[in-house]
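As a plain string of letters, each chain reads:
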Amino acid sequence: MSIERIELSLLKMPYVHYFETSFSREYDRTFIIVKVFEEGVVGYGEVVATASPLYSCETTTTAWHVLKDFFIPLTLKMAISDPVDYHREMGMYRGHPMARAGLELALWDLKAKKKGQPLYKIYGGIKEGITAGVSVGIQDTVPELLNRIHAFLEEGYQRIKIKIKPGWDGNICREIRKEFPDILLQVDANGAYGIEDAEHLKELDGYGLLMLEQPFPPYDLWDHSRLQKLIKTPVCLDESILSLITVRQALEMGSCRIVNIKVGRIGGIVEARKIHDFCQDKKIPVWCGGMLESGIGRAHNVHLASLPNFLFPNDISASKRYYKQDLIDPAFDIEPDGTIKIPRDPGIGVKPVETRIQEATLKREIFRNH
Ligand code: OSB
Ligand code: MG
């Protein structure tokens, strides 16, 4: 058995509401869907790289290039269809974790579908549902932010994360706490600060935050460890965590107390599981971050977050929080208890709707051996 065909599609979908972080305001998302075909079964994956290199150095164009010219040809040439073999063999290439992960995810979906099992079962997930949190971008005004938070809490979200940047940080937390003194609240800076802001960031200790996510730029494990010694709020690393090696170094240095796992950023499920297991062993909780994925990428996140050491609410929200019409059927919904049910059907367990994929497709390419 081996993969007969691999398909890449570049899609663009508008958000229901703009999403603003410390680095940009976005109204839509460009991303890649990967499909792998074997004996009439199709596995789906998503590449979370964006059009511009703002979150990390990858873009949809770099991802397309390395998939087309390196990852896909080697996969086809070596007749690889198992995701663990894929992870090992692609180890010869450096970097490009989002591109790498997109194809690995498709192979995981394929493998689970061929076994007739839901994805989470084949890699050791144990939960029935995962805890849904919501990431709320920077808004034009404070009342708009408070209104959005109010609406999300009504929908059942168990934790609110806000994006912060200099000028929209402690002052905003103070406003939120006036109205919502008891909610689970955390903040994400996406690297907008530097060690010179340490005293300013220390003020965040007054707002009972679950964590402060990625205050400094990605390659700054050392200054994160200096900050973590100065503040009480747990630091959580997102952009800095690129592999099990960076996790080990971050924990040895004391750069964080919580780890955000995104399969795209660390290059797939195999690496994610290594990080999960290592953190579990060290009693460091992890949670699943998001990249505003379509339902296909989000389905993979939902299954991943069923592993036992995912102990904080995740950045996994209902389909309608992101897109008017998601690519999958059924859409992800939030339950009254603030969880999202893990699909039980084989593979990702939700059905990608091909007509919707086609409607959103800008470009498509098919790859075969020969
Ligand atoms: O830093 O967690 C982040 C979205 C795009 C890029 C980076 C981040 C985010 C989010 C959204 O916070 C999380 C989600 O998908 O709901
Ligand atoms: Mg983040």
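Structure: see above.
Structural notes, computed from the coordinates. Throughout this document, residue positions are counted from 1 along each chain, in the order its sequence is written. Throughout, the order in which chains and ligands are written sets their labels, letters from A for the former and numbers from 1 for the latter. Local features in this predicted model are restricted to residues whose pLDDT is 70 or higher, and side-chain atom pairs enter the listing and the counts only when it is 80 or higher, whereas totals over whole chains, interfaces and linings include all residues. The basis for every side-chain value is the complete set of non-hydrogen atoms in the structure, without hydrogens or water.

This part takes up helix H6 (residues 170-179). Only protein chains enter the area calculation, which uses a 1.4 Å probe; residues under 20% of their type maximum are buried, those over 50% are exposed, and those in between are partly exposed. Helix and strand definitions here come from DSSP, where helices need a minimum of 4 consecutive H or I residues and strands a minimum of 2 consecutive E residues; each element is numbered from the N-terminal end. All of the buried residues in H6 are Gly170, Ile172, Cys173, Ile176 and Arg177. The buried residues of H6 occupy one face: seen down the axis, they fall within an arc of 155 degrees. Those residues of H6 that are buried lie in contact with helix H5 (142-155), strand E6 (159-163) and strand E7 (184-188). It is the directions from the helix axis to the C-beta atoms whose arc is reported. In what follows, a contact means two residues having at least one pair of non-hydrogen atoms within 4.5 Å.

With respect to the helices and strands, the residue arginine 177 is situated in helix H6. Neither His nor the chain ends is counted toward charge; the positive residues are Lys and Arg and the negative residues Asp and Glu. Any Lys or Arg side-chain nitrogen located within 4 Å of an Asp or Glu carboxyl oxygen qualifies as a salt bridge. For the buried arginine 177, no salt bridge is present, and the opposite-charge side chain at shortest range is aspartate 182, 6.4 Å distant. Under the rule applied, a polar contact is a pair of N or O atoms within 3.5 Å (in protein, one hydrogen donor and one hydrogen acceptor; residues adjacent in sequence only if both atoms are side-chain atoms). A polar atom in the side chain of arginine 177 sits 3.1 Å from the backbone oxygen of phenylalanine 180. Ignoring any residue separated from it by four or fewer positions in sequence, one finds arginine 177 in contact with Asp182, Ile183, Leu185, Tyr207 and Gly208.

What follows deals with the sheet that holds strand E5 (residues 133-136). One requirement defines pairing of two strands: DSSP has to find at least two bridges between them. In space, the seven strands of this open sheet follow the order E5-E6-E7-E8-E9-E10-E11, with parallel pairing throughout. Of all strands in the sheet, those bounded by a partner on one side alone are E5 and strand E11 (286-288). Looking at chain direction, E5 and E6 are connected through four bridges and run parallel. Of the residues in E6, the one forming a bridge with valine 134 is isoleucine 160. On top of the sheet, H5 reaches E5 and E6; it is set at about 155 degrees to E6, its chief contact. Angles here are taken between N-to-C directions and fall from 0 to 180 degrees, while the axes themselves are lines fitted to C-alpha atoms, restricted in helices to the stretch in contact.

A pair of Phe, Tyr and Trp rings is counted when the ring centres sit within 6.5 Å of each other, with Trp represented by its six-membered ring. The angle between the planes then sorts it: under 30 degrees is stacked, over 60 is edge-to-face, the rest tilted. One pass over the full model with this rule turns up seven aromatic pairs. On the numbers, 5.8 Å between centres and 65 degrees between planes, the contact of phenylalanine 71 with tyrosine 93 is edge-to-face. Of this pair, phenylalanine 71 sits in helix H1 (residues 60-77) while tyrosine 93 sits in the loop between helix H2 (83-89) and helix H3 (97-115), and the two are 22 residues apart along the sequence. Of the residues examined, phenylalanine 71 reaches a relative accessible area of 1% and is grouped as buried. By relative accessible area, which is 24% here, tyrosine 93 ends up partly exposed. Members of the aromatic cluster, each reached through a chain of ring pairs, are Tyr15, Tyr322 and Tyr323.

Time to look at the nonpolar core. Buried together is how nonpolar side chains tend to be arranged in soluble globular proteins. Membership of the largest hydrophobic core comes to 89 residues, with the highest contact counts inside it found for Ile160, Ile162, Ile176, Leu204, Val259 and Leu304. With six residues, helix H11 (residues 269-281) is the single largest residue contributor to this core. Domain delimitation follows an automatic or database domain assignment. Residue contributions to this core reach at least three from each of two domains, namely domain 1 (5-115 + 353-368) and domain 2 (121-341). In terms of nonpolar packing, the next biggest core, distinct from the first, is built from 30 residues, Ile6, Val47, Trp64 and Leu107 among them. Put simply, buried Ala, Val, Leu, Ile, Met, Phe, Trp, Tyr and Cys residues joined by side-chain atoms within 4.5 Å make one nonpolar core.

Packing of H5 against H6 leaves a shortest axis separation of 11 Å and a crossing angle of 45 degrees. One element, H5, and the other, H6, form an angle in the oblique class. The handedness of the crossing between H5 and H6 is right-handed. Facing H5, whose interface residues are Val142, Leu145, Leu146 and Ile149, H6 presents Ile172, Glu175, Ile176 and Glu179. Throughout this entry, Asp, Glu, Lys and Arg are counted as charged residues, while Ala, Val, Leu, Ile, Met, Phe, Trp, Tyr, Cys and Pro are counted as nonpolar. The remaining residues, Gly among them, count as polar. Residue composition of the contact of H5 with H6, grouped by class: six nonpolar, no polar and two charged. Relative orientations are named as follows: roughly parallel for angles under 35 degrees, roughly antiparallel for angles over 145 degrees, roughly perpendicular for angles from 65 to 115 degrees, and oblique for any other angle. In this scheme the handedness of a crossing depends on how the near helix is turned from the far one: anticlockwise by less than a right angle means left-handed, clockwise means right-handed.

Moving on: the coordination of the magnesium ion (ligand 2). Four donors placed tetrahedrally about a metal ideally form angles of 109.5 degrees, and six donors placed octahedrally ideally form angles of 90 or 180 degrees. Around the magnesium ion (ligand 2), the protein supplies Asp188 (OD), Glu213 (OE) and Asp238 (OD) as donor atoms, at distances of 2.1 to 2.2 Å. Mapping the donors of the magnesium ion (ligand 2) onto the primary sequence yields the spacing D-x24-E-x24-D. With aspartate 188 in strand E7 and aspartate 238 in the loop between strand E9 (235-237) and helix H9 (244-253), the pair connects residues that are 50 residues apart, well separated along the chain. Given the relative accessible area of 0%, aspartate 238 is considered buried. Coordinating donors are taken as N, O and S atoms within 2.8 Å of the metal, stretched to 3.2 Å for Na, K and Ca; because water is absent from the atoms, sites can appear incomplete.

Here we come to the site of ligand 1. Note on definitions. A residue lies near a molecule or strand when any single heavy atom of the residue is within 4 Å of it. Ligand 1 sits among 15 residues. The nearest are Ser135, Asp188, Asn190, Leu292 and Tyr322. Aspartate 188 has a polar side-chain atom sitting 2.9 Å from an oxygen atom of ligand 1. Aspartate 238 has a polar side-chain atom sitting 3.1 Å from an oxygen atom of ligand 1. Residues that form the shell around ligand 1 fall into these classes: five nonpolar, three polar and seven charged.

Shape descriptors only; they carry no functional weight alone.
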